[in-house]
Amino acid sequence: MPTSSVQRSASLAPGQAQARFRLRIVHGDLVAIGPGKVALLEAIAQHGSISAAARGLGMSYRRAWALVDELNRSLESPATHSGPGGPSGGRTELTPVGERIVALYRGIEARAHAACGTQIAELTSLLKG
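Residues numbered from 1 in each chain as written. Predicted model: local features only at pLDDT ≥ 70, side-chain atom pairs only at ≥ 80, totals over all residues. Heavy atoms only, no water.

**Some details on the overall build of the protein chain**
Applied cut-off: The numbering of helices and of strands both runs from the N terminus, where a helix is a DSSP run of H or I of at least 4 residues and a strand a run of E of at least 2. The rule is simple: take the accessible area with a 1.4 Å probe, protein chains only, and divide by the maximum for that residue type; under 20% is buried, over 50% is exposed, in between is partly exposed. Each accessible area value is a Shrake-Rupley result obtained with a 1.4 Å probe; residue values ignore everything except the protein chains displayed when judging cover.
A count of helical and extended segments in the protein chain gives six helices and four strands. Along the protein chain, from the amino end to the carboxyl end, the secondary structure elements read α-β-β-α-α-α-β-β-α-α. Counting across all 129 residues of the protein chain, residues that qualify as buried make up 29%. A total accessible area of about 8500 Å² is found for the protein chain, and carbon and sulfur atoms account for 55% of it.

**Brief notes about the packing of helix α5 (residues 96–115) against helix α6 (residues 117–125)**
As a reminder of what qualifies: Every angle, taken between N-to-C directions, lies between 0 and 180 degrees, and every axis is a line fitted to C-alpha atoms, over only the stretch in contact when it is a helix. For classification purposes, angles smaller than 35 degrees are called roughly parallel, those larger than 145 roughly antiparallel, those between 65 and 115 roughly perpendicular, and all remaining angles oblique. In this description, contact between two residues means that some pair of their heavy atoms is separated by no more than 4.5 Å. Side-chain classes are defined by residue name, with Ala, Val, Leu, Ile, Met, Phe, Trp, Tyr, Cys and Pro counting as nonpolar, Asp, Glu, Lys and Arg as charged, and the others, Gly among them, as polar.
The geometry of α5 relative to α6 is characterised by a closest axis approach of 5 Å and an angle of 70° between their N-to-C directions. By the criterion of interaxial angle, the relationship of α5 to α6 is roughly perpendicular. Judged by residue contacts, His-113, Ala-114 and Ala-115 of α5 engage Gly-117, Gln-119 and Ile-120 from α6. Residues that form the contact of α5 with α6 fall into these classes: three nonpolar, three polar and no charged.

**Quick look at the environment of Tyr-61**
Mapped onto the elements, Tyr-61 comes out in helix α4 (residues 61–74). Taking relative accessible area as the criterion, Tyr-61 reaches 45% and is therefore assigned partly exposed. Note: C-alpha distance between Tyr-61 and Ile-50 (11 residues apart in sequence) is 7.0 Å. Not counting chain neighbours up to four residues away, the residues in contact with Tyr-61 comprise Ile-50, Ser-51 and Ala-54.

**Examining the side chain of Thr-95**
Following the sequence through the fold, Thr-95 ends up in the loop between β4 (92–94) and α5. Sequence-distant contacts of Thr-95, defined by excluding residues within four places in its chain, comprise Pro-78, Ala-79, Thr-80 and His-81.

**Considerations on the packing of helix α2 (residues 35–47) against α5**
We count it as follows: In this scheme the handedness of a crossing depends on how the near helix is turned from the far one: anticlockwise by less than a right angle means left-handed, clockwise means right-handed.
Where α2 contacts α5, the axes come no closer than 10 Å and their chain directions differ by 125°. In terms of orientation, α2 lies oblique with respect to α5. The two elements α2 and α5 cross, and the hand of that crossing is left-handed. Touching Pro-35, Val-38, Ala-39, Leu-41 and Glu-42 of α2 are Gly-98, Ile-101, Val-102, Tyr-105 and Arg-106, all from α5. Of the residues assigned to the contact of α2 with α5, the class counts are seven nonpolar, one polar and two charged.

**Focus: the confidence of the model for the protein chain**
Note that predicted coordinates carrying low pLDDT should not be read in detail. Rules: Values of pLDDT, ranging from 0 to 100, describe the predictor's confidence in every residue of the model.
Scored by pLDDT, the protein chain has a mean of 87; 85% of the residues are at 70 or more. Ranking the elements of the protein chain by mean pLDDT puts helix α1 (residues 5–10) last, at 44, and α2 first, at 97. When the criterion is pLDDT under 50, residues 1–10 qualifies, and its contacts beyond four places in sequence or with other chains add up to 15 contacts.

Listed below in structure tokens is the structure:
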């Protein structure tokens, strides 16, 4: 799975400039797909549960669940599938649609960054230090 923008920024030296693309797909009044939902999908794929993904991202379970629910309701087919809960907790996995969303989103980011590399370098050269 591609490295998330959160993971990429962790490897930067202090004070090093970074360009970030924040693509959002808006459907009606709803941000159907955006950087937070994609990061959450990546965390779910990594951890196997919404609660562990939420902890890993520093968000509440309630917020993570609401984002997943909002995403799944906006799609023709859901991005995640959850098993039944219980004492050991339920497992949540990405469906092929969820995997495709992550791959497409991260691919768009990479292509945008590559296509604008010269302009990004010029902009960052204008920064102090």
